[in-house]
There are 2 protein chains.
Amino acid sequence: MLDAKASAALHTLAADFDAGRTAALARAVSVVENQRTGSDLLLAAMHSRVGRARRIGLTGPPGAGKSTLTTRLVATYRQAGFTVGVVAVDPTSPFTGGALLGDRVRMEAVALDPGVFIRSMATRGSLGGLASATREVCDVLDAFGVDRILVETVGVGQSELDIARSVDTSVVVLVPESGDSIQTLKAGLMEIADCFVVNKADRPGADRLRNDIELMLGLRSGLSLKDQPAHHGVSLSQLANPAKAARAAARTDDVARWIPPVLRSCATTGEGIDEMITALDRHFGYLEQSGDLQRRRRTRLRERVIDVVEHRVRRRLWTDAATNAWLDERIPELERGGTTPYAVANALLARSGSLLSTE
Amino acid sequence: MLDAKASAALHTLAADFDAGRTAALARAVSVVENQRTGSDLLLAAMHSRVGRARRIGLTGPPGAGKSTLTTRLVATYRQAGFTVGVVAVDPTSPFTGGALLGDRVRMEAVALDPGVFIRSMATRGSLGGLASATREVCDVLDAFGVDRILVETVGVGQSELDIARSVDTSVVVLVPESGDSIQTLKAGLMEIADCFVVNKADRPGADRLRNDIELMLGLRSGLSLKDQPAHHGVSLSQLANPAKAARAAARTDDVARWIPPVLRSCATTGEGIDEMITALDRHFGYLEQSGDLQRRRRTRLRERVIDVVEHRVRRRLWTDAATNAWLDERIPELERGGTTPYAVANALLARSGSLLSTE
C-alpha cells in the first residue's frame, strides 16, 4: 500500500517519535487524526507502548468553564513534573464556532510550555468517527510518554458521550447558572461520572446544585447506592459489546463501590483545583485496586478493534469502484420499487464476502 | 427469523397499515424506530409506495422557534387539505431535556388533529444510528400516504446534519438574538440550506442578520454564486459516496442555480408563514424541473442501502457469540502488546467473510 518514498518518510517519522521529538509527535498526531496513508502502520508500531498515561475526561455543557479548569489542571500537573496532553474535542455544532475560539485563546497560557501538547479535534467524515479518532490521538500521546491526558468534550451528542466513556476517569463539570437542573441531565451523563465538579462555585445556586447531585447519588437519602434501582438499562451498544455489559454489571455488584465525589471549584481563581487533583489520584488508586482499571482498558482495547473493523468494512466497501458501480446499477430498480434496500443490501454483502475478508 | 405468531401479527399490522388505520401507522413507526423483529420486512413491504411525500427539514439552534414554526406550517398545510407528518429529532444532549419538553407541549395545539402525525425520535444505540432511523420513520409516513413530512432538528452534531441533508428541502432557521452571527455558522449548515428563515423578525438585529446572510450568499456583492469560490471541499463521506459528490458537483455547474431565499417570520404571530409555504412550493418546483429531485431521491435510496449494509455488518459481527468469544480471547495478547488492534481486526475480518456474506 505504501510506495518506497512514503515508507521511508514513515520510518523517519517513527524514529523521530521514538527519540521523543515534539515535532514528530505533532506530525504523528496529524497523520493519525486525518487517517493519512500509513496511519495504521504507525499506530500498530507504537501499540506496545500504549497504556502508561492516565486519561482524564472533562465533560460539561458549553460555558461550564471546562477550558479554564483544564488550563488550571495542566499548570498544576506541570508543577508536579508531569508532561500533559490535552485533546479538545470540538463539538460538530455549526453554531458554536465563536465560543470555542475564545477557549483556545485562553488556553494559550499553557500552550507555550514544551511539556504540554494541545490538540483540537475537528469534525470527522463518516468513514472515521470522532470517538474513534479521539481514542487514536490519545494512544499516540500515550505512546509518546505523556503522563496525563486531559480529554475535554462538550456533553452534547452521542459521539462526545462515547469519548467521555473511554477515559480512565470521567469528570462531569456543571455550573449553577447553566439552567441545567439535575433533573434534566440525561441518564448517560450521570452514569459515566466518576467525579462531579460544580464550577463557578462562588455564584448563587452552587450549594443547591451540589445538594441536588448528592441527593441523586443517594448520599443524603441514607440509602447506599447498591439499594438504588439501576438506572442504566442495557443499551444496544452493550448488547453489541458483552465486555461493556459485564463491566456495568460488575460495577453494580462491587462491594466497595466508588461513590463519585461532588467537588466545588472556581477555575478563574484556582480554588478547588488541588482538591480535584487529589480526587483524581484517589480515583485512579481505586481503579487499580478494584481491578476496574484493567477492565476499562480491556474494554477500550476491544472497542479499538471494533472501530478498526468497522472502519475497514466501510473503506473496503465504499471506496471499491466495482461495488459502487454495482450499487449504482441497482438504483433505477430501487426507484421503480422493483426491489428494496434490504434485498439490495443482502445481495451486496453476498457478493462482497471476499472483498471484506481479504486485505 | 420470525415465528408463526410474530409473522401473523406482522401480517395484521401490514393489512391495517394498508387500510389507512392511524393506529397501525403508530405501531409501524414504533416497530421501525425501535428496530423490533420484522422491522426490515415491514419496510421492504412498503418500499414501493415510498416517494410521494414532500420532505421538508427545519434546522436551527435551540430557541430559534422551530417548533412554533413547525406548528404554524402544519396548521396551514392542514387548511389546504394536506395530511402532515412531523418528526422531531431530539438532540442526544444530556443538557436540554427541559427545553424540548416545552416544545412538545406547545405542539399539542395541532396534535389532536387526526390528519397530523407527530413523532419524537429518541437517542439511538450504536447499532442503529439516529439519521438512519429518522429516514426510516419518514419512509413509513411516506408509504402511509402523508402529503408533507416536516423533520425538525437542532443543528448540533453530525447526525442532525446528516438528517437535514436527506430531505427534499432544507430550511435553516435563525434568530437575531441567538448570538450566532453568520460568521460562526460552519460551512456544513450553509451548504445544506435551500431556504433561510429569520424568525422573531420583530426583534432588533433581524435586518442585519438578513443582510449578513444575503451578503454571504453573494447577492449584495454583485457576484453570481458561480463566481464564488467553492466552500465545500470533498468530505470523507462524499469520497465514500460518489452520488453525493456528483450531486455537489452538478449543483456547482448548474446554469439556472437555485438561490436560497432569505425570509422573515414571526412564528408566534404567524407572520411570514404564507411566504414560507410559497418558497417551499417554489423550491419543490425547481427540484422537479432541474432534475435535482430525482438526484436527491436517488442519493437517499443509495444512502438507505448503505445504512442497511452497515447495520447488517454490525449486527452479524457483534451479536455473533463465536466472534465475540474469539475477540475476547485476543484481549490478553493485545494487553501485553503482543499483537495490535489492526492485526486483530484483519484476522477477525478474514474469519468472518462467510458470516458477513450470508443471511
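Residues numbered from 1 in each chain as written. Chains lettered and ligands numbered in written order. Predicted model: local features only at pLDDT ≥ 70, side-chain atom pairs only at ≥ 80, totals over all residues.

A. Focus on the overall build of chain A. In terms of helices and strands, chain A carries 16 helices and 7 strands. Intrachain contacts of chain A at a sequence separation of at least 6 include 76% that bridge at least 24 residues. (Helix = DSSP H or I, 4+ residues; strand = E, 2+ residues; numbered from the N terminus. Contact = placed C-beta atoms within 7 Å.)

B. Here's a closer look at helix α3 (residues 39–46) of chain A. All of the buried residues along α3 of chain A are Asp-40, Leu-42, Leu-43 and Met-46 of chain A. Viewed along the axis of α3 of chain A, the buried residues span an arc of 160°, placing them on a single side of the element. On its buried side, α3 of chain A packs onto α1 (4–18), α2 (22–33) and α7 (130–144) of chain A together with α16 (341–357) of chain B. (Buried ≥ 20, exposed ≤ 12 C-beta atoms within 10 Å, placed from the backbone. Arc of directions from axis to C-beta.)

C. Spotlight on the domain arrangement of chain A. By domain assignment, chain A separates into domain 1 (1–49), domain 2 (50–290) and domain 3 (320–357). Computed from C-alpha atoms alone, the centre-to-centre distance between domain 1 of chain A and domain 3 of chain A is 36 Å. (Domains from an automatic or database assignment.)

D. Expanded view of the packing of helix α2 (residues 22–33) of chain B against helix α7 (residues 130–144) of chain B. All names here are of chain B. Between α2 and α7, the least distance of the axes is 9 Å, while the angle of their chain directions is 155°. Classified by the angle their axes make, α2 and α7 are roughly antiparallel. Here α2 runs over α7; the crossing is right-handed. Contacts between α2 and α7 pair Leu-25, Ala-28, Val-29, Val-32 and Glu-33 from the former with Ala-133, Glu-136, Val-137, Val-140 and Phe-144 from the latter. The residue inventory of the contact of α2 with α7, partitioned by class, reads 8 nonpolar, no polar and 2 charged. (Axes fitted to C-alpha atoms, helices over the stretch in contact; angles between N-to-C directions. Parallel < 35°, antiparallel > 145°, perpendicular 65-115°, else oblique. Left-handed = near helix turned anticlockwise from the far one by under 90°. Nonpolar A, V, L, I, M, F, W, Y, C, P; charged D, E, K, R; others polar.)

E. The environment of Glu-214 of chain A, seen in detail. With respect to the helices and strands, Glu-214 of chain A occurs in helix α10 (residues 206–216). Along the sequence, Glu-214 of chain A and Glu-288 of chain A sit 74 residues apart, while their C-alpha atoms lie 25 Å from each other.

F. Spotlight on the packing of helix α14 (residues 292–318) of chain A against α16 of chain B. At a closest axis distance of 9 Å, the pairing of α14 of chain A and α16 of chain B adopts a crossing angle of 55°. Between α14 of chain A and α16 of chain B, the crossing angle belongs to the class labelled oblique. Here the hand of the crossing between α14 of chain A and α16 of chain B comes out right-handed. Residues Leu-301, Arg-304, Val-305, Val-308, Val-309 and Arg-312 of chain A of α14 of chain A form the contact with α16 of chain B, whose participating residues are Pro-341, Tyr-342, Val-344, Ala-345, Leu-348 and Leu-349 of chain B. Across the contact of α14 of chain A with α16 of chain B, the residue classes tally to 10 nonpolar, no polar and 2 charged.

G. Up close: the sheet that holds strand β3 (residues 116–121) of chain A. All names here are of chain A. Read across the open sheet, the 7 strands follow the order β3-β2-β4-β1-β5-β6-β7; overall the sheet is parallel. What marks the edges here is a single partner per strand, and that holds for β3 and β7 (262–264). If you compare each strand with its neighbour and ignore which way they point, the axes differ by 20° on average. Sheet topology note: the strand β5 (residues 169–174)/strand β6 (residues 195–198) ladder contains 4 bridges and is parallel. By the bridge assignment, Leu-174 is partnered in β6 with Val-198. Most of the contacts of α10 go to β7, to which it runs at about 165°, and overall it touches β5, β6 and β7. (Pairing = 2+ DSSP bridges.)

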